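Structural characterization, general
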Amino acid sequence: MTASSDSAGLLVFRRRGAGLELLLVHPGGPFWRGKDEQAWSFPKGRIEAGEAPLAAARREFQEETGLSVKGDLIELTPVKRPGRGHVFCWLVEADLDLGAAHSNSFELKGRSNKSRAFPEIYTFAYSAPALALKRIHASLRPVLGEALHRLGWSGPA
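Every value quoted in this text rests on a predicted model; they were computed, and no experiment measured them.

Each value, and the rule that gives it
Residues numbered from 1 in each chain as written. Predicted model: local features only at pLDDT ≥ 70, side-chain atom pairs only at ≥ 80, totals over all residues. Heavy atoms only, no water. Helix = DSSP H or I, 4+ residues; strand = E, 2+ residues; numbered from the N terminus. Buried < 20%, exposed > 50% of the residue type's maximum accessible area, 1.4 Å probe, protein only. Lys, Arg positive; Asp, Glu negative; His and termini not counted. Salt bridge = Lys/Arg side-chain N within 4 Å of Asp/Glu carboxyl O. Polar contact = N/O pair within 3.5 Å; in protein donor to acceptor, adjacent residues only side chain to side chain. Contact = heavy atoms within 4.5 Å. Pairing = 2+ DSSP bridges. Core = buried A, V, L, I, M, F, W, Y, C linked by side-chain atoms within 4.5 Å. Expected span 1.5 Å × (residues − 1).

Bringing the side chain of glutamate 64 into the picture now. Structurally, the position occupied by glutamate 64 is in helix H1 (residues 53-65). Buried within the structure, glutamate 64 lacks any salt-bridge partner; its nearest side chain of opposite charge belongs to lysine 44, at an N-O separation of 6.8 Å. For glutamate 64, the side chain forms a polar contact with the main-chain nitrogen of lysine 44, separated by 3.2 Å. Look past the residues within four positions of glutamate 64 in its chain and what remains in contact with it is Pro43, Lys44, Gly45, His102, Ser103, Asn104, Glu120, Ile121 and Phe124.

What follows is the structure in structure tokens.
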């Protein structure tokens, strides 16, 4: 059912005095440096061969944030990303301590053919819905839109 280009993740939300907030992550590495709008995602990653999408979502969340999350999961409709396979996502409520968050890293070779390590995730932040809609990568906007609809947010999508 899943191809190697399919990915899965968890979209965490919390309710605060100011309202609803969603946990988004900004990718590390030189390509995303200095970009904000349409550069963010939710913690997600590739589904390994034979791995169930939900198991991949939990594993990737832990790898990318160093945190684990428990709670009732709301399965969202998978979306097809152009040239990248499907994204499976589950919505879950949790008020996480982002001060304890830390990411795994990846190696990237530069022009001098030397490898350099970068964090997979550079920044973790809870964002209000309007800001989250500006920040989320365009291909993931349908996931975020469905999540906001399910959570009863009535702002513009």
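Structure's up, so let's keep going.
Taken across its 9 residues, strand S6 (residues 85-93) has 7 buried, putting it largely inside the fold. When strand S4 (residues 73-75) meets S6, the two strands line up antiparallel, connected through 3 bridges. Along S6, the bridge assignment pairs leucine 73 with valine 92. Where strand S5 (residues 79-81) meets S6, 3 bridges bridge the pair, whose relative direction is antiparallel. In the sheet register, lysine 80 faces S6, and the bridge partner there is histidine 86. Between the end of S5 and the start of S6, which pair antiparallel, lie 3 residues, with glycine 83 showing a positive phi angle near 70°.

The next point concerns the nonpolar core. Core analysis: the biggest nonpolar cluster contains 23 residues, and Leu11, Leu22, Phe42, Leu91 and Leu144 have the highest contact counts within it. Taken together, the elements giving at least two residues each to this core come down to strand S1 (7-16), strand S2 (19-27), S6, helix H2 (129-135) and helix H3 (141-150). Residue contributions to this core peak at 4 residues, all from H3. For leucine 11, the residues in contact, after removing those within four places along its chain, are Leu22, Leu23, Leu24, Phe42, Cys89, Trp90, Leu91, Val92, Leu144 and Ala147. In this structure, Val12, Val25, Ala94 and Tyr126 belong to the second largest nonpolar core, which totals 20 residues.

With that settled, the discussion passes to the pattern of salt bridges. A full pass over the atoms with the stated rule returns 8 salt bridges. Aspartate 95 is the salt-bridge partner of arginine 14, the closest N and O atoms lying 2.8 Å from each other. Of the two residues, arginine 14 is situated in strand S1 and aspartate 95 in the loop between S6 and strand S7 (105-109); the sequence distance between them amounts to 81 residues. Two residues, arginine 59 and glutamate 63, come together in a salt bridge whose shortest N-O distance is 3.4 Å. On the criterion of helical spacing, the pair formed by arginine 59 and glutamate 63 is a turn pair, its members being 4 residues apart in helix H1. A cluster of three or more residues bridged by salt bridges with shared partners is formed by Glu48, Glu51, Arg59, Glu60 and Glu63.

Counted at 1.5 Å a residue, the expected span for H1 with its 13 residues is 18 Å, and the 18 Å between its end C-alpha atoms agrees. Within H1, burial applies to Pro53, Ala56, Ala57, Arg59, Glu60, Phe61, Glu64 and Thr65. A positive backbone phi angle near 75° is found at glycine 66, which sits one or two residues after H1.

So, on to the environment of cysteine 89. Locating cysteine 89 in the fold gives a position in strand S6. Relative accessible area serves as the criterion here: at 2%, cysteine 89 is assigned to the buried category. Sequence separation of cysteine 89 and isoleucine 136 is 47 residues, and the distance between their C-alpha atoms is 14 Å. Ignoring any residue separated from it by four or fewer positions in sequence, one finds cysteine 89 in contact with Gly9, Leu10, Leu11, Phe42, Ile74, Glu75, Leu76 and Val143.

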